[in-house]
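Listed below, chain by chain, are the residues.
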Amino acid sequence: QVRLAEFGGGLVQTGGSLTLFCAASGSGVSRINSINAMAWYRQAPGKQRELVADITPGGITNYADSVKGRFTISRDNAKNTVYLQMNSLKPEDTAVYYCNAQGVVSTVRGIRNAENEYWGQGTQVTVSS
């Protein structure tokens, strides 16, 4: 199958910055052929998971209104990696951030699997006031 590994969460003061990154990789004999959109979601305590930003393979981006102008999503298609640069962080940005990969095509010993969607395990971002 495919795994998404997230890194970069932590504790930061209001106004600070953090960079999250997520790497998709095949596990065992599975290999990734292509990934469609990649995205970051977040979920704060007591709230529903919400989209933060997403990016197409061609680099078209989309942001939640709450993070526009402060967050930047980017990706490296060759490395199956997506990044989220977060600046001017606010306490309301505190949440568990999840990496998401859609339309993932993988192969096992040369045999193509059906497209699938994968999630990372989440990384905590805490912004102190």
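Structure shown above.
Residues numbered from 1 in each chain as written. Predicted model: local features only at pLDDT ≥ 70, side-chain atom pairs only at ≥ 80, totals over all residues. Heavy atoms only, no water.

A. Focus on the packing of aromatic side chains. Going through the model one piece at a time under the given rule, you end up with three aromatic pairs. Relative to Y83, the ring of F21 lies with its centre 6.3 Å away and its plane at 35°, an arrangement referred to as tilted. In this pair, F21 is assigned in strand β3 (residues 18-26) and Y83 in strand β9 (residues 81-86), connecting sequence segments 62 residues apart. Relative accessible area serves as the criterion here: at 33%, F21 is assigned to the partly exposed category. A residue is classified by how much of its surface remains accessible, and Y83, at 27% relative accessible area, is partly exposed. Through a chain of ring-to-ring contacts, three or more aromatic side chains come together here, namely F7, F21 and Y83. One residue, R49, lies across the ring of Y98, its end atom 3.7 Å from the ring centre. For the cation-ring pair, R49 lies above W119, with the distance from its terminal atom to the ring centre recorded as 4.7 Å. (Phe/Tyr/Trp six-rings, centres within 6.5 Å; stacked < 30°, edge-to-face > 60°. Helix = DSSP H or I, 4+ residues; strand = E, 2+ residues; numbered from the N terminus. Buried < 20%, exposed > 50% of the residue type's maximum accessible area, 1.4 Å probe, protein only. Lys NZ or Arg CZ within 6 Å of the ring centre and 35° of its normal.)

B. The environment of T81, seen in detail. Following the sequence through the fold, T81 ends up in strand β9. Overall, the relative accessible area of 6% leaves T81 in the buried class. Each C-alpha atom, one on T81 and one on T107, is 18 Å from the other, the two residues being 26 residues apart in sequence. Setting aside residues up to four positions removed in sequence, T81 forms contacts with C22, A23, M38, S74, R75 and D76. (Contact = heavy atoms within 4.5 Å.)

C. Quick look at the pattern of salt bridges. Evaluated as defined, the whole model comprises four salt bridges. R42 serves as the salt-bridge partner of D93, at 2.9 Å between the closest nitrogen and oxygen. Of this pair, D93 sits in the loop between β9 and β10 (95-108) while R42 sits in strand β5 (residues 38-43), placing them 51 residues apart in sequence. Its salt-bridge partner being K68, residue D65 comes within 3.1 Å of it at the nearest N-O pair. Among the residues examined, D65 registers a relative accessible area of 64% and is labelled exposed. Connected through shared salt-bridge partners, R42, E50, R70 and D93 make up one network. (Salt bridge = Lys/Arg side-chain N within 4 Å of Asp/Glu carboxyl O.)

D. Looking closely at the sheet that holds β9. If you trace the four strands from one edge of the open sheet to the other, you get β1-β3-β9-β8, paired in antiparallel fashion. Two strands close off the open sheet at either side, each with one partner strand: β1 (2-7) and β8 (71-76). Strand-to-strand twist across the sheet, computed as the mean angle between neighbouring axes with direction ignored, equals 15°. Bridge count between β3 and β9: six bridges; the pairing is antiparallel. (Pairing = 2+ DSSP bridges. Axes fitted to C-alpha atoms, helices over the stretch in contact; angles between N-to-C directions.)

E. Spatial organisation of unusual backbone geometry. Located in the positive-phi region is S88, a residue other than glycine, with phi close to 50°. Assignment of secondary structure puts S88 in the loop between β9 and β10. Overall, the relative accessible area of 40% leaves S88 in the partly exposed class.

F. Looking closely at the side chain of R42. We classify R42 as buried; its relative accessible area is 6%. A polar contact of 2.7 Å, which involves the side chain of R42, links it to the side chain of E50. A distance of 2.9 Å separates the side chain of R42 from the side chain of D93, its partner in a polar contact. When neighbours within four sequence positions are excluded, R42 is seen to be in contact with Q48, R49, E50, V52, S66, V67, F71, E92, D93, A95, V96 and Y97. (Polar contact = N/O pair within 3.5 Å; in protein donor to acceptor, adjacent residues only side chain to side chain.)

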